[in-house]
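# Architecture at a glance
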Amino acid sequence: MSIETYLIYLGVLAAFFLTPPDTSQLLIISNSLRHGLRRSAATITGDLSANALQMTAAAFGLTAIIAASADAIWIIKWVGVAYLGWIGVRLMMTRGGAVEPGAAREARTSVLFRQGFLTSSANPYAVVFFGALFPQFIDPAQAVLPQLLILGVTYLLVDGAVLLLWGWTATRTLGRLRALSGVWVNRISGALMIVAAALLASRDLSAEARQ
């Protein structure tokens, strides 16, 4: 892969991530508000782990299978919507005391990891996305696997940096609003989760309308 091709790829990723926060980013913001950035790193790890599996699926030629399986896409999509909505409603109904930045609360690392993994996995179109993105930057005259590794690792690094930035921004904001009670932090976090669920639902409904 030439340096010019790689720089173009970075430019495409930059344009892709210069958008309002998506479902995974809203989850990071929510968890960072409630648990702090350090604990929320588990959510980021879960999100990137799901992305890595989706990239692997795309690399092994499963893009066409996923694209053709409308029933599987529908089920995965709405399970993700229900999961995020359930988290949001539960948070909004939770009462809590004063919250300080970085407060761990009861959430275990495994729970935060699972939230990130399931939220990212709830987007089955990611496999199709990676299957469409990567071939644009692969030189068929060169070994394909090393190129896929470069593209995949670069995406994960950029995605991880963006998620960390959103989480850091959330914790800094909370640091300036320390007077907020735990009830209001939970309500804000819950509202973000419901917005994330709505984004997933609207994207799925739009896809169905185009069919």
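Scroll up to find the structure.
Each chain has its residues counted from 1, running along the sequence as written. Reporting of local features is limited, given that this is a predicted model, to residues whose pLDDT is at least 70; pairs of side-chain atoms are given and counted only at 80 or more, and all residues count toward the totals for whole chains, interfaces and linings. Hydrogens and water are ignored here; the side-chain numbers use all heavy atoms of the structure.

### Looking at the overall build of the protein
Keep this limit in mind: Secondary structure counts use DSSP, requiring at least four H or I residues in a row for a helix and at least two E residues in a row for a strand, with both numbered from the N terminus. Only protein chains enter the area calculation, which uses a 1.4 Å probe; residues under 20% of their type maximum are buried, those over 50% are exposed, and those in between are partly exposed. Contacts are assigned to residue pairs that have any heavy atoms within 4.5 Å of one another.
Counting secondary structure elements, the protein contains nine helices and zero strands. When the helices and strands of the protein are listed from N to C terminus, the series reads α-α-α-α-α-α-α-α-α. Scored against the burial criterion, the 211 residues of the protein give a buried share of 42%. Sequence separation of at least 24 residues holds for 89% of the intrachain contacts in the protein that already meet a minimum separation of 6.

### Focus on the environment of S2
By the element assignment, S2 lies in the segment before α1 (3–17). On the accessibility criterion, S2 (34% relative accessible area) is partly exposed. For the pair S2 and I138, spaced 136 residues apart in sequence, the C-alpha separation works out to 9.9 Å.

### With respect to the packing of helix α2 (residues 23–35) against helix α3 (residues 37–59)
The angle between the axes and the distance between the axes are what describe a pair of packed helices. Selection criterion: Lines fitted to C-alpha atoms define the axes here, with helix axes fitted over just the stretch in contact, and angles between the N-to-C directions of these axes take values from 0 to 180 degrees. What sets the label is the angle itself: under 35 degrees gives roughly parallel, over 145 gives roughly antiparallel, 65 to 115 gives roughly perpendicular, and the rest give oblique. In this scheme the crossing of two helices becomes right-handed for a clockwise turn of the near helix relative to the far one and left-handed for an anticlockwise turn of less than a right angle.
Following both chains from N to C, one finds α2 and α3 inclined at 155°, their axes separated by 8 Å at the closest point. Classified by the interaxial angle, the pair formed by α2 and α3 is roughly antiparallel. At the point where α2 passes α3, the crossing takes the right-handed sense. Touching S24, L27, I28, N31, S32 and H35 of α2 are L37, R39, S40, T43, I44 and D47, all from α3.

### Thoughts on the side chain of Q25
Basically, it comes down to this: Pairs of N or O atoms are called polar contacts if they sit within 3.5 Å, as long as, within protein, a hydrogen donor faces a hydrogen acceptor (for residues adjacent in sequence, only side-chain-to-side-chain pairs).
Mapped onto the elements, Q25 comes out in helix α2. Of the residues examined, Q25 reaches a relative accessible area of 3% and is grouped as buried. Side chain to side chain, Q25 and W166 meet in a polar contact 3.4 Å long.

### Concerning a nonpolar patch on the surface
For clarity, the threshold we go by: Each patch is assembled from residues with relative accessible area greater than 30% and no salt bridge, linking like charges that lie within 9 Å and nonpolar side chains (Val, Leu, Ile, Met, Phe, Trp, Tyr) that lie within 5 Å. With residues, only the protein chains shown are counted as cover, and all accessible areas are computed by Shrake-Rupley using a 1.4 Å probe. Take a side-chain nitrogen of Lys or Arg and a carboxyl oxygen of Asp or Glu: if they are within 4 Å of each other, that pair is a salt bridge.
Taken together, V89, M93 and I194 make up a surface patch of nonpolar side chains, about 290 Å² in accessible area. Tracing the sequence through the fold places M93 in the loop between α5 (70–92) and α6 (109–121). The class for M93 is exposed, based on a relative accessible area of 66%.

### Remarks on the packing of aromatic side chains
The cut-off we apply is this: Here the aromatic set is Phe, Tyr and Trp, taking the six-membered ring for Trp, and pairing holds for ring centres within 6.5 Å; pairs whose planes are under 30 degrees apart are stacked, those over 60 apart are edge-to-face, and all others are tilted.
Applying the stated criterion to the full structure yields five aromatic pairs. Taking 4.9 Å as the distance between ring centres and 90° as the angle between the ring planes, the aromatic pair formed by F130 and Y155 counts as edge-to-face. Of this pair, F130 sits in helix α7 (residues 125–133) while Y155 sits in helix α8 (residues 144–176); the two residues are 25 residues apart in sequence, bridging distant segments of the chain. Judged by relative accessible area, F130 falls into the buried class, the value being 1%. Taking the relative accessible area as the measure of exposure, Y155 reaches 5% and is therefore buried. One aromatic cluster is present, built from ring pairs that chain together F17, F130, F134 and Y155.

### Side note on the packing of α3 against α7
As a reminder, the rule being used: Charged means Asp, Glu, Lys or Arg here, nonpolar means Ala, Val, Leu, Ile, Met, Phe, Trp, Tyr, Cys or Pro, and polar covers whatever is left, Gly included.
Put simply, α3 and α7 touch, their axes get as near as 8 Å, and they point 60° apart. Of the possible angle classes, the one that applies to α3 and α7 is oblique. The two elements α3 and α7 cross, and the hand of that crossing is right-handed. Packed against α3, whose contacting residues are N51, Q54, M55, A57 and A58, the element α7 presents A126, V127, F130 and G131 at the interface. Among the residues making up the contact of α3 with α7, the classes are represented as six nonpolar, three polar and no charged.

Shape is all these values report; function is a separate question.
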